[in-house]
Amino acid sequence: MTRHFLRDDDLTQAEQTAILDLAAQIKSDRWGRKPLAGPETVAVIFDKSSTRTRVSFAVGIADLGGVPLIISTANSQLGGKESPSDTARVLERQVAAIVWRTYAQSGLVEMAANTTVPVINALSDEFHPCQLLADLLTIREQKGKLAGLTVTFLGDGADNMAHSYLLAGATAGMHVRVACPADYLPDERVVADADAIAVTTGGSVTIYTDPADAVAGADVVVTDTWVSMGKEQEKAARVALLGAYKVDAELMSLAKPDAIFLHCLPADRGYEVSSEVIDGPQSVIWDAAENRLHAQKALMVWLLEHA
């Protein structure tokens with residue numbers, strides 16, 4: 001059966017570990033794996049603008065011996081005259097895998113249900129699982145492990161990064177804290193799924209409204225933009241409600257002295273994070289940005305081997 005990566009809990013703890021192990025190997029020997037030699041083509045579809053996702057997938061596919069076919073839905077039939085299922089049936093006869101950065105998670109689910117090649121979620125409104133693989137790889141490089149660490153996400157608890165941290169962190173056996181206002185709580189179904197995973201991995205999930213309580217003693221502090229694509233009209237209201245969750249030096253000082261800071265980027269400096277933190281010695285954001293390449297290459301290798 002074809003394996004897909006649509007949300008973080010599509011992987012078991014053992015599978016997540018295997019992909020992170022493979023990512024570390026690939027990082028140390030960048031051109032050692034060529035599963036796409038031929039070259040085979042991978043379709044990389046964008047409904048949303050992108051820098052890190054576009055670059056890391058295009059470079060990664062080329063590193064693996066393949067050809068990245070970059071498709072903008074603005075210049076294709078997908079989302080207009082043609083459904084995700086029909087697009088999937090067309091693409092599977094010509095490409096080795098499909099990568100899609102989109103809005104609704106339902107489109108990815110429909111595409112995956114109607115193709116025999118792996119489908120990868122390169123970001124949706126609900127989840128950002130490829131970023132989590134990169135973040136987990138970065139955390140493991142810095143801390144030597146994942147299980148048992150405490151990671152705190154601050155800001156919009158209903159955004160894709162918060163949801164992915166809940167699922168991926170629980171899968172890794174981490175203690176995941178999400179701190180957010182009551183108006184921006186994570187999806188209850190995602191929290192329930194993460195809770196169920198944590199029971200099996202030794203992790204935990206806790207939702208806070210007080211940012212100081214959530215950061216206290218944390219090993220990893222994470223935030224994301226308060227104004228995601230498509231929500232620009234909500235900026236004033238979001239800034240007013242989320243201001244207390246800004247990661248500045250004072251809040252960061254409540255975490256462990258050796259805590260690290262992560263942000264998936266792009267960052268809106270001065271809003272969700274201060275320049276003092278994002279450019280400071282605890283920030284490992286550039287390592288994580290690079291690790292998108294290695295983690296996604298490992299993911300593609302693993303999915304192709306399990307197709």
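About the cut-offs
Residues numbered from 1 in each chain as written. Predicted model: local features only at pLDDT ≥ 70, side-chain atom pairs only at ≥ 80, totals over all residues. Heavy atoms only, no water. Phe/Tyr/Trp six-rings, centres within 6.5 Å; stacked < 30°, edge-to-face > 60°. Lys NZ or Arg CZ within 6 Å of the ring centre and 35° of its normal. Helix = DSSP H or I, 4+ residues; strand = E, 2+ residues; numbered from the N terminus. Expected span 1.5 Å × (residues − 1). Buried < 20%, exposed > 50% of the residue type's maximum accessible area, 1.4 Å probe, protein only. Arc of directions from axis to C-beta. Contact = heavy atoms within 4.5 Å. Pairing = 2+ DSSP bridges. Right-handed = clockwise from strand over helix to strand, strands pointing away. Axes fitted to C-alpha atoms, helices over the stretch in contact; angles between N-to-C directions. Parallel < 35°, antiparallel > 145°, perpendicular 65-115°, else oblique. Left-handed = near helix turned anticlockwise from the far one by under 90°. Nonpolar A, V, L, I, M, F, W, Y, C, P; charged D, E, K, R; others polar.

A.B. asks: What exactly am I supposed to notice about the packing of aromatic side chains here?
C.D. replies: Each aromatic ring pair is specified by the distance between its two centres and by the angle formed by the two planes. On inspection of all chains with the given rule, the structure shows zero aromatic pairs. Its guanidinium or amino end placed over the ring of Phe46, Arg54 lies 4.3 Å from that ring's centre, counting from NZ or CZ. The ring of Tyr271 is capped by Lys235, whose NZ or CZ atom sits 4.6 Å from the centre of that ring.

A.B. asks: How should helix α7 (residues 188–201) be read in this particular structure?
C.D. replies: Since the α-helix packs 3.6 residues into each turn, any two residues three or four apart lie on the same face. Between its first and last C-alpha atoms α7 spans 20 Å; for 14 residues at 1.5 Å apiece the expected length is 20 Å, and the two agree. All of the buried residues in α7 are Val190, Val191, Ala194, Ile197, Ala198 and Thr201. Looking straight down α7, one finds that the buried residues subtend no more than 125° of arc, so they occupy a single side. Across α7 from its buried face, at more than 90 degrees, point the exposed residues Glu188, Arg189, Val199 and Thr200. In this structure, the buried residues of α7 make contact with α1 (13–28), α6 (160–171) and β7 (204–208). Gly202 sits one or two residues past α7 and shows a positive phi near 85°.

A.B. asks: How do you make sense of the pairing of strand β2 (residues 67–72) when you look at a structure like this?
C.D. replies: In the sheet, strand β1 (residues 41–46) pairs with β2 via six bridges, with the strands oriented parallel. Bridge pairing links Val42 to Pro68 in β2. Following the backbone out of β1, through helix α2 (residues 52–63) and into the adjacent parallel β2, one traces a crossover that is right-handed.

A.B. asks: Explain the packing of helix α3 (residues 84–91) against helix α4 (residues 105–112) to me, please; I cannot follow it from the model alone.
C.D. replies: When two helices pack together, their arrangement is given by the angle between the helix axes and by the axis-to-axis distance. For the pair α3 and α4, the least separation of the axes is 8 Å and the interaxial angle reads 45°. If you check the angle between α3 and α4, you find them oblique. α4 is crossed by α3, and the crossing has right-handed handedness. Residues Pro84, Ser85, Thr87 and Ala88 of α3 lie in contact with α4, whose contacting residues are Gly107, Glu110 and Met111. For the contact of α3 with α4, the per-class residue count stands at three nonpolar, three polar and one charged.

Spatial relationships are all this shows, so hold off on functional conclusions.
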